Amino acid sequence: MSEPVFREMRESDLPVLFEIQCDAEAQKMAAFTSTANDREAYLDKHRRLLADDRLVRVVVELDGEIVGSAAAFPLGEELNVTYWIKREFWGRGLAGAALAAVLEQVTVRPVFASAASDNEASMRVLEKGGFKRVGRERAFAEARGQEIEEVMFRLE
Ligand SMILES: CC(C)(COP(=O)(O)OP(=O)(O)OC[C@H]1O[C@@H](n2cnc3c(N)ncnc32)[C@H](O)[C@@H]1OP(=O)(O)O)[C@@H](O)C(=O)NCCC(=O)NCCS
């Protein structure tokens, strides 16, 4: 298998990225994500996001196949990061490398992130990327249908 490629996201990537995020197990893990699985709504939303030049959006390709993505996006006054890897490709360091590819393009600091307090893999990705835990709060998690604990992270 060849090395992963991290490149800028294009509109033509969106249908594959939609399919990747239609994974009930991954949605439960991410917790703070939509479970609507509405293709047109997803494509509309992400086409608009792609036109916003404050965002950095990277796709991960392995042997020419799109296997995930990572992004930095403004949330209020803060810049946040997120990532999502197709389940068959978990545990190969792809999320960590995709996050690093995004952070290379982001000059602003601090950068923020959060994860469900039981999303150990995501918290490990953030800590390996240099993020520090800065707090916890309870918030409604759409994919769990209930309020859960969220851990907040910050990269200086
Ligand atoms: C979270 C996610 C992005 C991780 O992707 P990945 O490519 O498997 O991540 P990486 O391989 O870069 O790193 C995962 C790290 O977590 C560790 N890990 C995985 N599961 C773990 C667990 N249950 N407990 C502790 N550590 C765990 C891995 O060992 C690895 O650490 P290491 O490199 O020190 O061994 C992926 O599972 C995913 O897309 N999940 C669904 C979407 C999601 O949760 N996104 C994040 C929203 S906050």
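Above this text you will find the structure in question.
Residues numbered from 1 in each chain as written. Predicted model: local features only at pLDDT ≥ 70, side-chain atom pairs only at ≥ 80, totals over all residues.

**With respect to the overall build of the protein**
1) Next: Counting its regular elements, the protein contains five helices and seven strands.
2) Next: Helices and strands in the protein line up, N terminus first, as β-α-α-α-β-β-β-α-β-α-β-β.
3) Next: For 156 residues, the compact-globule estimate of 2.2 N^0.38 gives 15 Å, and the protein sits close to it at 15 Å.
4) Next: The principal-axis extent of the C-alpha atoms belonging to the protein is close to 40 × 35 × 30 Å.
5) Next: Considering the protein as a whole, with its 156 residues, one finds that 29% of them fall into the buried category.
6) Next: Across the protein, the fraction of contacts at a sequence separation of at least 24, relative to all contacts at a separation of at least 6, is 63%. (Helix = DSSP H or I, 4+ residues; strand = E, 2+ residues; numbered from the N terminus. Rg over C-alpha atoms; globule rule 2.2 N^0.38 Å. Buried ≥ 20, exposed ≤ 12 C-beta atoms within 10 Å, placed from the backbone. Contact = placed C-beta atoms within 7 Å.)

**Examining the site of the ligand**
1) Next: Residues in contact with the ligand amount to 21 residues; listed here are only the nearest, Ala95, Gly96, Glu120, Ala121 and Arg124.
2) Next: When contributions to the shell around the ligand are tallied by element, the ones reaching two or more residues are α2 (24-30), β4 (78-85), α4 (94-104) and α5 (120-128).
3) Next: Counting residues per element, the shell around the ligand draws most heavily on α5, which supplies five residues.
4) Next: Taken together, the residues of the shell around the ligand break down into 12 nonpolar, six polar and three charged. (Near = placed C-beta within 6 Å. Nonpolar A, V, L, I, M, F, W, Y, C, P; charged D, E, K, R; others polar.)

**Topic: the pairing of strand β6 (residues 132-141)**
1) Next: In terms of residue burial, β6 counts as a barely covered element, since only zero of its 10 residues are buried.
2) Next: Turn length for the β6-strand β7 (residues 146-155) hairpin, with the two strands adjacent in sequence and antiparallel, is four residues, and the turn residue Gly145 shows positive phi of about 65°. (Pairing = 2+ DSSP bridges.)

**Comments concerning the environment of Val59**
1) Next: Note that Val59 resides in strand β2 (residues 56-62).
2) Next: A tally of 23 C-beta atoms within 10 Å means that Val59 is categorised as buried.
3) Next: The spacing of Val59 and Glu40 is 19 residues in sequence and 20 Å in space, taken between C-alpha atoms.
4) Next: Filtering out sequence-adjacent residues up to four positions away, Val59 remains in contact with Arg7, Met9, Asp13, Ile66 and Ser69.

**Comments concerning α4**
1) Next: Along α4, the residues that are buried comprise Leu94, Ala95, Ala98, Leu99, Ala101 and Val102. Seen from one end, α4 has its buried residues packed into an arc of 160°, which puts them on one side.
2) Next: Tucked inside the fold, the buried residues of α4 contact β1 (5-8), β2, β3 (65-75), β4 and α5. (Arc of directions from axis to C-beta.)

**Some words on the environment of Ile66**
1) Next: Checked against the element boundaries, Ile66 lands in strand β3.
2) Next: For Ile66 and Asp13, which are 53 residues apart along the polypeptide, the C-alpha to C-alpha distance reads 7.7 Å.
3) Next: Those residues in contact with Ile66 that lie beyond four places of it in its chain are Asp13, Val16, Leu17, Val59 and Glu61.

**Let's talk about α5**
1) Next: Looking only at α5, the buried set comprises Ser122, Val125 and Leu126. For α5, the buried positions fall inside an angular range of 95° around the axis, keeping them on one side.
2) Next: Positive backbone phi, approximately 100°, marks Gly130, located one or two places after α5.

**Describing the nonpolar core**
1) Next: If you look at the biggest cluster of nonpolar residues, it comprises 35 residues, and the most contacted ones within it are Val58, Ala70, Val81, Tyr83, Ala98, Leu99 and Val102.
2) Next: With six residues, α4 is the largest single contributor of residues to this core.
3) Next: Each residue touching Ala98, except ones within four places of it in the same chain, is listed here: Phe6, Val58, Val60, Gly68, Ala70 and Tyr83. (Core = buried A, V, L, I, M, F, W, Y, C linked by C-beta atoms within 7 Å.)

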